[in-house]
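# Summary of structural features
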Amino acid sequence: MSLIKKLEQLERDYAILEPNEEERQQINQEVIGFSDEFLAGINDINAYQGDGTMESSFALDDKKHHFKEILSIYRKDVIGKGVVPASGGHIGYIPGGGIYAASIADYIAAFTNEYAGLYYGSPGAVTIENETIEWLKKLFAFPETAVGNLTSGGSIANLIAMTAARDKYKIKNEHIHNAVIYLSPQVHHCLHKAVRIIGLEDIQYRMVKLDKKSRMCPQDLADKVAEDKRKGLLPFLIVASAGTTDTGAVDPLNEIAQIAQENKLWFHVDAAYGGFFIMVDEKKSLFKGIEKADSLVVDPHKGLFLPYGLGAVLVKDKKAVMQSHHYLARYMQDSHGDGIDSPCDLSPELTKHFRGLRLWLPLKLYGKTPFQACLQHKLLLTRYFRKQLELIGFALGPEPDLSVSYFWFPCEKSIENDFNKKLLAYIHDDGRVFMSSTIIDEKFVIRMAILAFRTSINTVDKGMLMIKEALDKCIKDFNISY
Ligand SMILES: *Cc1c(COP(=O)(O)O)cnc(C)c1O
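A brief report on the enclosed structure follows. (Residues numbered from 1 in each chain as written. Predicted model: local features only at pLDDT ≥ 70, side-chain atom pairs only at ≥ 80, totals over all residues. Heavy atoms only, no water.)

## Thoughts on the site of the ligand
How we decide: Only heavy atoms are used to decide nearness, and a residue is near a molecule or strand if one of them lies within 4 Å of it. Polar contact is the term for a pair of N or O atoms within 3.5 Å; when the atoms are in protein, one must be able to donate a hydrogen and the other to accept it, and sequence-neighboring residues count only if both atoms are side-chain atoms. Runs of H or I in DSSP of at least four residues are treated as helices and runs of E of at least two as strands, each being numbered from the N terminus. Classification convention: Asp, Glu, Lys, Arg as charged; Ala, Val, Leu, Ile, Met, Phe, Trp, Tyr, Cys, Pro as nonpolar; all other residues, Gly among them, as polar.
Close contacts around the ligand come from 14 residues, with Gly154, Ser155, Asp270, Asp299 and Lys302 the closest. Between the ligand and Thr245, the relevant distance is 3.2 Å, taken from an oxygen atom to a side-chain nitrogen or oxygen of the residue. In the environment of the ligand, a nitrogen atom lies 2.6 Å from a nitrogen or oxygen atom belonging to the side chain of Asp270. By residue number, the principal contributor to the shell around the ligand is helix α6 (residues 154-168), which donates three residues. Class assignment for the residues of the shell around the ligand results in three nonpolar, eight polar and three charged.

## Examining the sheet that holds strand β11 (residues 404-408)
Worth spelling out the cut-off: At least two DSSP bridges between two strands are needed for those strands to be called paired.
Sheet architecture is open: four strands sit in the order β10-β11-β13-β12, paired in antiparallel fashion. Each edge of the open sheet is held by one strand with a lone partner, namely β10 (395-396) and β12 (436-440). In this sheet, β11 lies alongside β10 in antiparallel orientation, the contact comprising two bridges. The residue of β11 that forms the bridge with Leu396 is Phe407.

## What about the sheet that holds strand β5 (residues 204-207)?
Rules: Angles run from 0 to 180 degrees between N-to-C directions of axes, and those axes are lines fitted to C-alpha atoms, restricted for helices to the stretch in contact. Residues count as neighbours in contact if any of their non-hydrogen atoms are within 4.5 Å of one another.
A sheet is described by the order of its strands in space; here seven strands give the open sequence β3-β9-β8-β7-β6-β4-β5, paired in mixed fashion. Looking at strand neighbours, the two that pair on one side only are β3 (147-151) and β5, the edges of this open sheet. Pairwise comparison of adjacent strand axes, ignoring direction, gives a mean angle of 15° for this sheet. Direction of pairing for β3 relative to strand β9 (residues 311-315): antiparallel, over a ladder of five bridges. For Thr151, the partnering residue across the bridge sits in β9 and is Gly311. Against the sheet, helix α5 (residues 123-139) touches β3, β8 (295-298) and β9, its axis set at about 115° to β3.

## Description of the packing of aromatic side chains
Counted only if it meets this: Ring pairs are drawn from Phe, Tyr and Trp, using the six-membered ring of Trp, whenever the two centres fall within 6.5 Å, and their geometry is named by plane angle: stacked under 30 degrees, edge-to-face over 60, tilted for the rest. When accessible area is computed with a 1.4 Å probe and restricted to protein chains, residues below 20% of their type maximum are described as buried, those above 50% as exposed, and intermediate ones as partly exposed.
A full pass over the atoms with the stated rule returns 15 aromatic pairs. Both rings, one in Phe394 and one in Phe409, keep their centres 5.3 Å apart while their planes meet at 80°; by these two values the pair is edge-to-face. Placement of Phe394 in the loop between α13 (369-391) and β10 and of Phe409 in the loop between β11 and α14 (413-430) is noted, with a sequence separation of 15 residues between them. Residue Phe394 shares its accessibility class with Phe409, and that shared class is buried. Here the aromatic cluster, defined as three or more aromatic residues joined through ring pairs, consists of Phe394, Phe407, Phe409, Phe419, Phe478 and Tyr482.

## Section: the pairing of strand β6 (residues 234-241)
Note the threshold: A clockwise path from the first strand over the helix to the second, with the strands pointing away from the viewer, defines a right-handed crossover.
Most of β6 is tucked away, with seven of its eight residues classed as buried. In this structure, strand β4 (residues 179-183) lies alongside β6, joined through four bridges in parallel fashion. The partner of Ile181 across the bridge, within β6, is Leu237. Pairing between β6 and strand β7 (residues 266-271): five bridges, direction parallel. Looking at the pairing, Val239 lines up with His268 of β7. Chirality of the crossover, the property in question, places the unit of β6, helix α9 (residues 253-262) and β7 among those that are right-handed.

## Looking at the pattern of salt bridges
Put simply, the test is: What makes a salt bridge here is a side-chain nitrogen of Lys or Arg within 4 Å of a carboxyl oxygen of Asp or Glu, nothing more.
What the rule picks out here adds up to 24 salt bridges. With a closest N to O distance of 3.6 Å, Arg230 and Glu227 form a salt bridge. Here Glu227 and Arg230 lie together in helix α8 (residues 218-230), a separation of three residues that amounts to about one turn. Note on Arg230: relative accessible area 65%, which makes it exposed.

## Describing the packing of helix α4 (residues 100-112) against helix α12 (residues 356-366)
The test is simple: Orientation is classified from the angle alone, with under 35 degrees giving roughly parallel, over 145 giving roughly antiparallel, 65 to 115 giving roughly perpendicular, and any other angle giving oblique. By convention, the crossing between two helices is left-handed when the near helix turns anticlockwise from the far helix through less than a right angle, and right-handed when the turn is clockwise.
With their axes 8 Å apart at the nearest point, α4 and α12 run at an angle of 130° to one another. Relative to α12, the element α4 is oriented oblique. Two packed elements cross with a definite hand, and for α4 against α12 that hand is right-handed. In contact with Ala101, Ala102, Ala105, Asp106, Ile108 and Ala109 of α4, α12 contributes Leu357, Arg358, Leu361, Pro362, Leu365 and Tyr366. A breakdown of the residues in the contact of α4 with α12 according to their chemical character gives ten nonpolar, no polar and two charged.

## Observations concerning α6
Definition in use: Here the expected length of a helix is defined as 1.5 Å per residue gap, with one fewer gap than residues.
Taking 1.5 Å of rise per residue, the 15 residues of α6 would be expected to cover 21 Å, and the 21 Å separating its terminal C-alpha atoms lies within 8% of that figure. Of all 15 residues making up α6, twelve are buried, and the element is well covered by its neighbours. By the burial criterion, the buried members of α6 are Gly154, Ala157, Asn158, Leu159, Ile160, Ala161, Met162, Thr163, Ala164, Ala165, Arg166 and Asp167. Looking one or two places after α6, you find Lys170, whose phi comes out positive at around 50°.

## Overview of a nonpolar patch on the surface
The line we're drawing: Like charges within 9 Å and nonpolar side chains (Val, Leu, Ile, Met, Phe, Trp, Tyr) within 5 Å are joined into patches, using only residues over 30% in relative accessible area that form no salt bridge. Residue exposure ignores everything except the shown protein chains as possible cover, and the areas themselves are Shrake-Rupley values with a 1.4 Å probe.
Taken together, Ile32, Leu39, Tyr100 and Ile104 make up a surface patch of nonpolar side chains, about 320 Å² in accessible area. When contributions to the nonpolar patch are tallied by element, the ones reaching two or more residues are α2 (21-40) and α4. Here Leu39 is to be found in helix α2. On the basis of relative accessibility, which here comes to 31%, the residue Leu39 falls in the partly exposed class.

Here's what the structure looks like:
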């Protein structure tokens, strides 16, 4: 066969990869039908289905399958199992929901396949990403000179910030053993992971004492830093949280910032869960001092209700973040950026999803107001839920800073933990509303995180019905009077 013939044959063999307009329309119709059906039922389906056994229908057999068949596998075995994160009934862990406009942005970003790693490749896409960073800088009153990056989530965003802190303070070689990092025992575990990943596993950790609301005690922090300095150690980093995952506690940022400033330490704030509540006027004061952070992490896939896959990091010291992340490869020698920061200068990633569009498009489409309203709604809804729980005899954790809180059914101490564990098991069996649990002062408590944009008064009322039914069963099981 001549070379031309062979090429033509191969082109026919892969022509299926470029469906024609009619074929596209067919697929589009199926997908739109599926999304309509899914979204029409989203407020009625259970938020949790415990049965986790998986079908073999997922296995790749290298053959062609009909699109309908693939969708039906997805319906049954992806949506129908485990937690339904798109549901407003998801109030476990940290939800968000996933707004529709962002999924459309993902679709556009994917079929146009814009290259958002490098300004030279797509100045438009990179400028969109940079504009979202500008928007975040304004929101948190970071200076013009700060830089930032959109990541896959909070974990990688925290990793970038930790790397910058390490590089700024040149924590390497013989300094590692003497360097000290100050954390809350409630800090998210991804920060421990980040410290290990960047080679600082053998650093010294100081766990700062917490107050009754699980916030860091500034005095204890100051004492610990002073003590370490006296010992000739090298304090360099304080990690605070603006909304811990466990209880939503916001550390006293302003006081911590001052301690960091006085001692010339890097001040990092993990606001992955709570950061966007700064948009709610009543909560602004809680975030005072966040603008003094050297680095800050937020998760738009939580507090801005985007689908999973979007975190962000802001860093004030551009040089520190460039130290590990900026690199000039020979094969990229043409890629001058006209002095404009490219995402790849500030992140381990080079080629990446054009994820900025899923943040930029909804903000451009709707403006800021609905996001503010939705966040304020979640704070008030948390209050409403707690009131309902209290009315039927539940004990509540302290008034929450934000929208994460916890409760338990008080009974005789010897059975209390078992009772509440059983209660949660019944709640999970039911599945209408999904909650998780945690341990606070050795007590097993049921934890709720109200942040999914679809969580409404109806969800709470449905949740209360579910909880009452579970409570009745538990009371029978444990044979206690009520
Ligand atoms: C969710 C969360 C993280 C981790 O972020 P991912 O987006 O899950 O990687 C870190 N810190 C806090 C406070 C969080 O709530």
